Amino acid sequence: MEYVNGSKEASNLIQTPVEVLFQTFNETTRLLVNELECTYLEALAETGENIFQDDIRQENISEMTKKRLEKYYRDLVKMNYSAEDIRKAFQLACLKGMRENVQPNHQMTPDSIGIFLSYLINKFIGTKKAFSLLDPAIGTGNLVTTIMNYLPHHAIDAYGVDVDDVLIRLAYVSANLQEHPLQLDCQDSLEPLFIDPVDVVVCDLPVGYYPNDIRAAEYELKADSGHSYAHHLFIEKSCLNTVDGGYLFFIIPNGLFESPEAMKLHTYIKKHMHIQALLQLPETMFKNKQVAKSILVLQKHGEGVKPPKEVLLVNLPSLSNKLQMETIMAKIDIWFQENKVH
């Protein structure tokens, strides 16, 4: 995990609704891990499905385990939980499972980034109250459902794609429990997507090399030799799946424009999109500054779409520092007034 995230939040919760929910997710998941001989994340998806369906779906589990599960689920329905409580508790359970079975592609975007992205999306789309949204590397769905929870007065037609079947199932269960409509596809996002172009793309870019050189050859941003950068191809794919004038919000490595392929990427962006903003995330959010990230906001070219008078460049303070964040947001508000991006 590159992000410093999750553990502090978990330790500070004392029998809040989030902690009660997390304990239920965790204990029932543990019961199913033992019965089904599967990973924690697979069992978490199973118990989440049980809760959503109000039924124990697993066959061939012992009567004792079934009764214990029923007791947990019965106690759960006695309380009312908000979608945000469910999302946070499910996120904590996902983080626990990821720590137990570490894989490079299993990481979650911290809540603070998702909340800040919600603020940025709201600012950029202006008065539009209904829009379509795609996350081509949706993972467990935490980023998308954070945005949906923090933009409750918007009608969001959301789509998510991921190649990892366990993560996509967790996204499915999480969205169901939060009662969010979310269309999910389990596939390689760089293959053809059967999704109409969307108004907004959000993506915590998967960083690394893309192994399918035949598919990569179809992209302008393919490498001249060897494997292509997956994160470059994701930017191009996202642009292709965005409507003219639509916005793209990427969480990028700080060194994105310093790689050997950076000039080609810069040329592609200039040809197809306008850079609206680059906001550097605080280094304290990451284990070391070598993996620090920023938020890059792009707008796809379209009729009547003009570049901003100046790109919004911001070094963000700690997102938990209320006073400094209010100062930064005031500056961002002034930028929007001066640039009239809508």
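For the structure, check the block above.
Residues numbered from 1 in each chain as written. Predicted model: local features only at pLDDT ≥ 70, side-chain atom pairs only at ≥ 80, totals over all residues. Heavy atoms only, no water.

A.B. asks: Can you walk me through the packing of aromatic side chains in this structure?
C.D. replies: Ring pairs (aromatic) are described by centroid distance and by the angle formed between their planes. Throughout the structure, instances matching the rule amount to nine aromatic pairs. Ring centres of Tyr247 and Phe249 lie 6.4 Å apart, and the angle between their planes is 40 degrees; this geometry places the pair in the tilted category. Considered together, Tyr247 and Phe249 belong to a single accessibility category, that of buried residues. One aromatic cluster in this structure is built from Phe124, Tyr247, Phe249, Trp335 and Phe336. (Phe/Tyr/Trp six-rings, centres within 6.5 Å; stacked < 30°, edge-to-face > 60°. Buried < 20%, exposed > 50% of the residue type's maximum accessible area, 1.4 Å probe, protein only.)

A.B. asks: Teacher, can you tell me more about the nonpolar core here?
C.D. replies: Burial of nonpolar side chains together is a common tendency in soluble globular proteins. Counting residues in hydrophobic clusters, the biggest one holds 44 residues, and the most contacted among them are Phe249 and Leu279. Ranked by residue count, the leading element in this core is helix H6 (residues 111–125), at eight residues. Filtering out sequence-adjacent residues up to four positions away, Phe249 remains in contact with Leu117, Leu120, Ile121, Phe124, Val200, Val201, Val202, Cys203, Leu296 and Val297. (Core = buried A, V, L, I, M, F, W, Y, C linked by side-chain atoms within 4.5 Å. Helix = DSSP H or I, 4+ residues; strand = E, 2+ residues; numbered from the N terminus. Contact = heavy atoms within 4.5 Å.)

A.B. asks: Explain the environment of Leu133 here, please?
C.D. replies: Tracing the sequence through the fold places Leu133 in strand E1 (residues 130–135). The spatial distance from the C-alpha of Leu133 to the C-alpha of Glu303 is 21 Å, given a sequence separation of 170 residues.

A.B. asks: Before we go on, may I ask you to explain the pairing of E1 in this structure?
C.D. replies: One face of the sheet, then the other: side chains in a regular strand alternate in exactly this way. Of all six residues in E1, five are buried; the element is thus mostly enclosed. Relative to strand E2 (residues 155–162), E1 is paired through six bridges, and the arrangement is parallel. Across the sheet, Leu134 pairs through a bridge with Tyr159, a residue of E2. On the question of chirality, the crossover connecting E1 to the parallel E2 by way of helix H7 (residues 142–150) is right-handed. Pairing between E1 and strand E4 (residues 198–204): two bridges, direction parallel. Along E4, the bridge assignment pairs Leu134 with Val201. (Pairing = 2+ DSSP bridges. Right-handed = clockwise from strand over helix to strand, strands pointing away.)

A.B. asks: Whenever I open this one, the sheet that holds E2 confuses me. Can you help?
C.D. replies: Strands belonging to one sheet form pairs held by backbone hydrogen bonds; the direction of such a pair is parallel or antiparallel. Taken in spatial order, the eight strands line up as E3-E2-E1-E4-E7-E9-E8-E10 in an open sheet, and their pairing is mixed. For this open sheet the edge positions go to strand E3 (182–186) and strand E10 (312–315), each flanked by a neighbour on one side alone. For this sheet, the mean inter-axis angle between neighbouring strands, taken without regard to orientation, is 15 degrees. With five bridges connecting them, E2 and E3 associate as parallel partners. Each bridged residue has a counterpart across the sheet, and for Ala158 the counterpart in E3 is Leu182. Against the sheet, H6 contacts E1, E4, strand E7 (242–253), strand E8 (273–280) and strand E9 (293–300), and its axis sits at roughly 155 degrees relative to E7. (Axes fitted to C-alpha atoms, helices over the stretch in contact; angles between N-to-C directions.)

A.B. asks: Would you mind going over the pattern of salt bridges with me for this structure?
C.D. replies: Opposite charge on two side chains lets them pair, provided their charged atoms get close. On inspection of all chains with the given rule, the structure shows 13 salt bridges. Between Asp199 and Lys128 there is a salt bridge, with its nearest N and O atoms 3.6 Å apart. In this pair, Asp199 is assigned in strand E4 and Lys128 in the loop between H6 and E1, connecting sequence segments 71 residues apart. Taking the shortest distance from any N to any O, the salt bridge between Glu220 and Lys271 comes out at 3.5 Å. (Salt bridge = Lys/Arg side-chain N within 4 Å of Asp/Glu carboxyl O.)

A.B. asks: Is there a simple way to explain the pairing of E4 in this structure?
C.D. replies: The buried fraction of E4 amounts to six of the seven residues, a majority that puts the element mostly inside the structure. Two strands pair when backbone bridges link them, and E4 and E7 are joined in this way by six bridges, in the parallel orientation. Looking across to E7, one finds that Val201 is bridged to Leu248.

It is worth stressing that arrangement in space is one thing and function is another; only the former is reported here.
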